[in-house]
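Each chain is listed here by its residues.
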Amino acid sequence: MPVSYRDIAADLRQQISEGRYMPGDKLPMLTELQATYGAGYQTVRSAIALLEQEGLVIAVRRRGTIVRERPEKKRISRSRQVFRDGIGYYFDPTAQPWVALETPTVRWGIVPVDLAALMGLSTGSEVLIRDRVMGDSETRKPKQLATSYLPADLARGTRLAEADTGPGGIYDRLEQMGHRPLRWSEGVSARMPSPEEAEALNLPADVGVPLLRVVRVTTSPGGEVVELNDTRMSAEEFEIGYSIRRHSSARLPDVEDDEDEH
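Residues numbered from 1 in each chain as written. Predicted model: local features only at pLDDT ≥ 70, side-chain atom pairs only at ≥ 80, totals over all residues. Heavy atoms only, no water.

**Student:** So what exactly am I meant to see when it comes to the overall build of the chain here?
**Tutor:** Within the chain, the secondary structure is distributed over 8 helices and 13 strands. On C-alpha atoms alone, the chain measures out to a radius of gyration of 24 Å, which is more than a quarter above the 18 Å that the 2.2 N^0.38 rule sets for 262 residues. C-alpha atoms of the chain, sized along the principal axes, occupy 70 × 65 × 40 Å. A burial count over the chain gives 39% of its 262 residues as buried. Pairs at least 24 apart in sequence give 58% of the contacts found in the chain among residues at least 6 apart. Just so you have it, the chain exposes about 15600 Å², and 50% of that area is on carbon and sulfur atoms. Separation of charge centres in the chain, based on 34 positive and 40 negative side chains, amounts to 5 Å. (Helix = DSSP H or I, 4+ residues; strand = E, 2+ residues; numbered from the N terminus. Rg over C-alpha atoms; globule rule 2.2 N^0.38 Å. Buried < 20%, exposed > 50% of the residue type's maximum accessible area, 1.4 Å probe, protein only. Contact = heavy atoms within 4.5 Å. Areas by Shrake-Rupley, 256 points an atom, 1.4 Å probe, with all protein chains shown as cover. Lys, Arg positive; Asp, Glu negative; His and termini not counted. Charge placed at Lys NZ, Arg CZ, Asp CG, Glu CD.)

**Student:** Any chance you could explain the pairing of strand β8 (residues 126-135) here in plain terms?
**Tutor:** Moving residue by residue along a regular strand, the side chains alternate between the two faces of the sheet. Where burial is concerned, most of β8 is hidden: 8 out of the 10 residues are buried. Relative to β8, strand β6 (residues 99-100) is paired through 2 bridges, and the arrangement is antiparallel. Looking at the pairing, Val99 lines up with Gly135 of β8. Note that strand β7 (residues 105-110) and β8 share 6 bridges and pair antiparallel. Following the sheet pairing, Gly109 is matched in β8 by Val127. Bridge count for β8 against strand β9 (residues 142-151) is 9 bridges, and the pairing is antiparallel. (Pairing = 2+ DSSP bridges.)

Here it is as structure tokens:
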């Protein structure tokens, strides 16, 4: 039975995973792979193209197909707590030192369809949109994109619609407007970036690197959604980490009962 391109990709993927091909190593030429797997040119090329889509290898002109070097992942610890420093609220210690790399973009627009229900808004509702690029203050390397959506009737005519919202940012302004104490909930998902997002985060253009997406909903004590924050970062560079607590139902086994079973 002829070998398929998926079979070839699976074998090469395993060799990369096991370290037989290390980052920076060159894979055999297509003609060599044809001979190794007894496959046609197009079958081998499709296998390499699949590995390129997965971000495992990259085609380098005059060098061939190279195993791609990927950044060491950093863990974002979501401890289900909100913190505060001299600047204002923040949600994980890893991101605390990050700063806005450019002046926030503030505009009026339509709430994204996939976020409308979370905000309790109907499709087509107007919202205030605040876009920020956050990153390292020294290297100026972008780390995450953060977009806040605020209901138009809440934000219009307030400092929330200004580029500089003042000390403490939008959360302090919301609490001063009578929505204190604010409450938060969030969900984590992933998706592929748009070309604009990939460019803003300096993601490689020739491989598919997904976004890690954290959507945080801010509510007033009465349950009104006053802001939704959509944060995106490279899923290749970051992962979400959290501690696991033992529920009361997961009691430790009784030592005597355990011995009786043996």
